[in-house]
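Remarks on the overall topology
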Amino acid sequence: MTVLSDRERERYKRQTMLFGEEGQERLKKAHIFVAGAGGLGSPVSIYLAVAGVGTLTVVDKDVVDQSNLNRQILHSQADIGKKKVASAEEKLTALNPDIHVNIIDTTIDESNAARLVGGADGIVDAMDNYPTRYLLNDIALEKKIPLFHGAIRGFYGQATTIIPGKTACLRCVFPCAPPKEVFPVIGATPGVIGTIQANEVIRYLLGNGDLLANRLLIWDGMCSRTEEIAVARNPRCPACGNETSGKDTRKEGA
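Residues numbered from 1 in each chain as written. Predicted model: local features only at pLDDT ≥ 70, side-chain atom pairs only at ≥ 80, totals over all residues. Heavy atoms only, no water.

Comments concerning the sheet that holds strand E8 (residues 225–230)
Read across the sheet, 8 strands follow the order E3-E2-E1-E4-E5-E6-E7-E8 without closing on themselves; strand pairing throughout is mixed. Taken across any chain shown, the strands that pair with only one partner, and hence form the sheet edges, are strand E3 (100–104) and E8. With direction set aside, neighbouring strand axes in the sheet form an average angle of 15°. Here strand E1 (residues 31–35) pairs with strand E4 (residues 122–125) via 4 bridges, running parallel. The residue bridging alanine 35 from the neighbouring strand is aspartate 125, located in E4. (Pairing = 2+ DSSP bridges. Helix = DSSP H or I, 4+ residues; strand = E, 2+ residues; numbered from the N terminus. Axes fitted to C-alpha atoms, helices over the stretch in contact; angles between N-to-C directions.)

So this is what it looks like as structure tokens:
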């Protein structure tokens, strides 16, 4: 049985007013896989860490560069030249020493993706390329765990939550990948989308509220407006067409 320490009770008392110690213990027992420690991975991992999600596995291969610093808020000037996962571990552990941060310095590919995700309760897509996103989608379907998708470009972003067997998967929503490019971005955009992704993860683990299931949220930062597009499973989807059921740890009736 997971028991909160006195320090944790004090740290989380404002949020346990919302969902009680039982909910906080659910967060403490959870393991979330965060693919990427960049623009989206920064706010996602920060907010999951301070919320008390017990184990975060953060995977990234890159090194902190000067051009990252307008948006990748896990990293600072002093981190230039440092591995992003090392910088992430340092910052996240400082933010919350009561969680476990597991860092993996590697490129996610077909040979290692399933092993890297392991027994995680969910996957956060904080990547910047669709081939890896599709791979994470396939692993989520295989393991029957949720995929929390986010993507950004400039002042615009999108997010959706994929529950295998229950919602459209990433290939249903985006059958074809957009062209690979170095895209412009303002730092606030991944802040908005990453925070939405973190909120989805937390509510999924708690079993509270309505997830972005079969809903693609679109953020327009140029006019501070959100819209939603309803999405549906494609019965002929090459990824999920034969999926019939998925793992869902949400509370009964949630």
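There's more to say after this.
Topic: the pairing of E1
Most of E1 sits out of view: 4 of its 5 residues are buried. In the sheet, E1 pairs with strand E2 (residues 55–59) via 5 bridges, with the strands oriented parallel. Paired with isoleucine 32 across the strands is leucine 56, a residue of E2. Considered for its hand, the β-α-β crossover made up of E1, helix H3 (residues 41–51) and E2 is right-handed. (Buried < 20%, exposed > 50% of the residue type's maximum accessible area, 1.4 Å probe, protein only. Right-handed = clockwise from strand over helix to strand, strands pointing away.)

Considering empty space enclosed by the protein
Taken as a whole and judged by the stated rule, the model has 1 cavity of 30 Å³ or more. Each pocket or cavity is described by its volume, and for the largest cavity that value is around 30 Å³. Together, Glu8, Tyr12, Lys28, Gly52, Gly54, Asp98 and Ile99 line the largest cavity. Residues belonging to the lining of the largest cavity are distributed by class as follows: 2 nonpolar, 2 polar and 3 charged. (1 Å grid on protein atoms, 1.4 Å probe; cavity = no way out; pocket = protein on both sides within 12 Å on 5 of 7 lines; lining within 4 Å. Points joined across faces, edges and corners; volume = space filled by probe spheres on them. Nonpolar A, V, L, I, M, F, W, Y, C, P; charged D, E, K, R; others polar.)

Re the confidence of the model for the protein
In this model, the protein carries a mean pLDDT of 94, and residues with pLDDT of at least 70 account for 94%. For residues 244–254, every residue scores under 50 in pLDDT, and the model assigns this stretch 28 contacts once sequence neighbours within four places are set aside. (pLDDT = per-residue confidence, 0-100. Contact = heavy atoms within 4.5 Å.)

As for the packing of aromatic side chains
If you walk through the whole model with that rule in mind, you get 3 aromatic pairs. Consider the rings of tyrosine 130 and phenylalanine 174, whose centres lie 5.8 Å apart with planes at 75°: the pair is edge-to-face. In this pair, tyrosine 130 sits in helix H6 (residues 130–143) while phenylalanine 174 sits in the loop between helix H7 (170–173) and helix H8 (188–206), placing the two residues 44 residues apart along the sequence. Exposure remark for tyrosine 130: the relative accessible area of 11% places this residue in the buried category. Judged by relative accessible area, phenylalanine 174 falls into the buried class, the value being 16%. Through successive ring pairs, a cluster of aromatic residues spans Tyr130, Tyr134 and Phe174. When the ring centre of tyrosine 130 is taken as origin, the NZ or CZ atom of arginine 133, which lies over that ring, is 4.9 Å away. (Phe/Tyr/Trp six-rings, centres within 6.5 Å; stacked < 30°, edge-to-face > 60°. Lys NZ or Arg CZ within 6 Å of the ring centre and 35° of its normal.)

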